[in-house]
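Chain by chain, the residues:
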Amino acid sequence: MLKTVETMSNLGAIDAAHHLHPFSDMKKLNAAGTRIIQRAEGVHVFDSNGKKYLDAFAGLWCVNVGYGRREIADAVFNQINELPYYNTFFGTTTPPTTLLAQKITEHAGPKMNHVFFTNSGSEASDTWFRIARVYWKALGKPTKTKIIARKNGYHGSTVAGASLGGMKWMHEQGNLPIDGIVHINQPYWYVEGGDLSPAEFGLKVARELEEKIDELGADNVAAFVAEPIQGAGGVIVPPETYWPEISRICKEKDILLVSDEVICGFGRLGSWFGYQHFGVEPDLAPVAKGLSSGYLPIGGVLVSDRVAEVMVNQIGDFAHGYTYSGHPVCAAAALENIRIIEEEGLVERVRDDIGPYFAEAWKSLSDHEIVGEAVSVGLMAGLQLTIDKATRRRFAKPDDVGTLVRNHCVENGLIMRATGDRMLASPPLVISRGEVNEMIATLRKGLDHLRDTVKE
Ligand code: PMP
């Protein structure tokens, strides 16, 4: 453990000299200095200066059960002592790996009974991408290879993950997307809905899927992928009409529906999985984050009976897998994490108690003069900043305004995230009512700060 005062005081300089951070402009970061997070408890993290922050982002949408869970530490310790590693490749498994697969499927719905393990959400994207193609090939339809995804969706940073995502600025780095992936519009009514009602707009963008399938030919399309609620894209909650229509289209055109549950899974929306909240039944569902509450890295793909039947009986060897697929220690952490979610009734708590309380508090921010909409489902929330509520006009530099509010919040002890001109929140599922109040009060001050800065 790094404890000496000397090392701690040098850590910023050491970091600047040696550590390249994800999704960061290193020149700017090195100039500004890195914040060093040293410890955490409950919904709070503490930096190396001892400053306390309310983490309204659950790390990176992942610490669902909150920090400092001794039970998970013990489960990890015990598993490392008993069996720190073994693979699942050559006809072997380990107890926690197998029990975790069973445990996940207990909550995933009657037709979702299989799991393929990965280490992350990105690897889960690469995994289902291959499964979808292999599935159709095994069924004698080798031309069904194309994947339809969405603009401003996020599915990870690996080559397939970033290609499936619809972030242009990511595609520009590394000549992406790879072949065979096309993107349709997202259900972002606030900015792209024009004069349509949200319900009309939801149907319109969902039907773009049908048009795209017809244009490409259903015989050439393997799957459609979407997050139940876009996360990194700005917590964009689709209109109610959207998901039922998407589900209808996938069924009628016979293409696989992939629900990216990396954020929405494991209680975030007040359901075990986001597809349950929206009442749809996907064929494949990548998971990660809340599966272990981030205590150790683990992800996977939930595979429906429809697809698993073909994988088991028709594919033969599926030539795919990771050294750490189903890692026993990560699986032990995930099992303990799920046990906590079950025992403390965290999914029900989000659905019936703290979720509705949070929704009301969050919604109360919509009276602020620069807030266009304040939406949330469970404990996943987005707040649109606007210069004019009536016309839904955006600030001249959308990217800067969110950052301004976010920085103000961080200075005042609240960790939030900004995506352009949307503020995002996803606190641990154990957040108390008092902590929700504190969070909303600090965010309101951040909004005041932006309003006053703009006036100046
Ligand atoms: N899918 C979604 C919806 C995500 O939000 C993320 C990560 N934010 C990923 C996939 C990728 O997961 P990871 O960062 O664990 O690779």
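Residues numbered from 1 in each chain as written. Predicted model: local features only at pLDDT ≥ 70, side-chain atom pairs only at ≥ 80, totals over all residues.

Here we look at the overall build of the protein
Link 1 in the chain: Broken down by element type, the protein carries 18 helices and 15 strands.
Link 2 in the chain: If you line up the protein on its principal axes, its C-alpha atoms span 65 × 60 × 45 Å.
Link 3 in the chain: Burial status across the protein gives 48% buried among its 456 residues. (Helix = DSSP H or I, 4+ residues; strand = E, 2+ residues; numbered from the N terminus. Buried ≥ 20, exposed ≤ 12 C-beta atoms within 10 Å, placed from the backbone.)

A short note on the domain arrangement of the protein
Link 1 in the chain: As far as domains go, the protein holds domain 1 (35–65 + 347–455) and domain 2 (71–343).
Link 2 in the chain: Centre-to-centre, using C-alpha coordinates, domain 1 lies 26 Å away from domain 2.
Link 3 in the chain: Taken residue by residue, the interface counts 27 residues in domain 1 and 25 residues in domain 2.
Link 4 in the chain: When residues of the side of domain 1 that touches domain 2 are traced back to their parent elements, those giving at least two are α3 (58–61), α15 (346–352), β11 (371–377), β12 (380–385) and β15 (422–425).
Link 5 in the chain: Of the residues contributing to the side of domain 1 that touches domain 2, the split by class is 13 nonpolar, ten polar and four charged. (Domains from an automatic or database assignment. Contact = placed C-beta atoms within 7 Å. Nonpolar A, V, L, I, M, F, W, Y, C, P; charged D, E, K, R; others polar.)

Here we look at the nonpolar core
Link 1 in the chain: By size, the foremost hydrophobic cluster in this structure holds 126 residues, and its most contacted members are Ala132, Phe224, Leu284, Leu302 and Met416.
Link 2 in the chain: The residues that make up this core include at least three from each of domain 1 (35–65 + 347–455) and domain 2 (71–343).
Link 3 in the chain: Setting aside its immediate chain neighbours within four residues, Phe224 contacts Ile148, Leu209, Cys250, Ile255, Leu257 and Val258. (Core = buried A, V, L, I, M, F, W, Y, C linked by C-beta atoms within 7 Å.)

Focus on the sheet that holds β12
Adjacent strands of a sheet pair through backbone hydrogen bonds, lying either parallel or antiparallel.
Link 1 in the chain: Strand order across the open sheet formed by four strands is β11-β12-β15-β14, with antiparallel pairing between neighbours. Lying at the two open borders of the sheet, with one neighbouring strand each, are β11 and β14 (417–419). Taking the axes of each pair of neighbouring strands and ignoring which way they run, one obtains an average angle of 20° across the sheet.
Link 2 in the chain: Of the strands in this sheet, β12, β14 and β15 are in contact with helix α17 (residues 398–411), which crosses β14 at around 175°. (Pairing = 2+ DSSP bridges. Axes fitted to C-alpha atoms, helices over the stretch in contact; angles between N-to-C directions.)

Observations regarding helix α6 (residues 121–138)
Link 1 in the chain: Helix length check: α6 (18 residues) gives 25 Å between terminal C-alpha atoms against 26 Å at 1.5 Å per residue, within 8%.
Link 2 in the chain: Buried residues dominate α6, accounting for 14 of its 18 residues.
Link 3 in the chain: Positive backbone phi, approximately 80°, marks Gly140, located one or two places after α6. (Expected span 1.5 Å × (residues − 1).)

Considerations on the site of the ligand
Link 1 in the chain: Near the ligand, the surroundings consist of 15 residues, among which Ser120, Gly121, Ser122, Gly156 and Val262 are the closest.
Link 2 in the chain: No other element matches α6, which puts three residues into the shell around the ligand.
Link 3 in the chain: Residues of the shell around the ligand, tallied by class, amount to five nonpolar, eight polar and two charged. (Near = placed C-beta within 6 Å.)

A closer look at the sheet that holds strand β1 (residues 37–41)
Link 1 in the chain: Taken together, the four strands give an open sheet; going across it, the order is β1-β2-β3-β13, and neighbouring strands pair in mixed fashion. The outermost strands of the open sheet, each flanked by one partner alone, are β1 and β13 (414–415).

A few points about helix α14 (residues 328–343)
Link 1 in the chain: Its 16 residues place the ends of α14 22 Å apart at the C-alpha level, agreeing with the 22 Å of an ideal helix rising 1.5 Å per residue.
Link 2 in the chain: Of all 16 residues that make up α14, twelve are buried, and the element is covered over most of its length.
Link 3 in the chain: Among the residues of α14, Pro328, Val329, Cys330, Ala331, Ala332, Ala333, Ala334, Leu335, Glu336, Asn337, Ile338 and Ile341 are the ones counted as buried.
Link 4 in the chain: On its buried face, α14 is in contact with α4 (70–82), α5 (95–106) and α15.

Observations regarding the environment of Arg207
Link 1 in the chain: Along the chain, Arg207 turns up in helix α10 (residues 198–216).
Link 2 in the chain: Residue classification places Arg207 among the partly exposed positions, given that 14 C-beta atoms sit within 10 Å.
Link 3 in the chain: Considered as a pair, Arg207 and Asn87 are 120 residues apart in the sequence and their alpha carbons are 44 Å apart.

Some thoughts on the packing of helix α16 (residues 354–363) against helix α18 (residues 433–455)
Packed helix pairs are characterised by how far apart their axes lie and by the angle those axes make with each other.
Link 1 in the chain: The N-to-C vectors of α16 and α18 enclose an angle of 15°; their axes lie 10 Å apart at closest approach. If you check the angle between α16 and α18, you find them roughly parallel. Both α16 and α18 take part in a crossing whose hand is right-handed. Contacts between α16 and α18 involve Tyr357, Phe358, Ala361 and Trp362 on the former and, on the latter, Arg433, Val436, Asn437 and Ile440.
Link 2 in the chain: Class assignment for the residues of the contact of α16 with α18 results in six nonpolar, one polar and one charged. (Parallel < 35°, antiparallel > 145°, perpendicular 65-115°, else oblique. Left-handed = near helix turned anticlockwise from the far one by under 90°.)

Quick look at the pairing of strand β3 (residues 52–55)
Link 1 in the chain: Where strand β2 (residues 44–47) lies against β3, three bridges are found, and the strand directions are antiparallel. Bridging across to β3, Val45 finds its partner in Tyr53.

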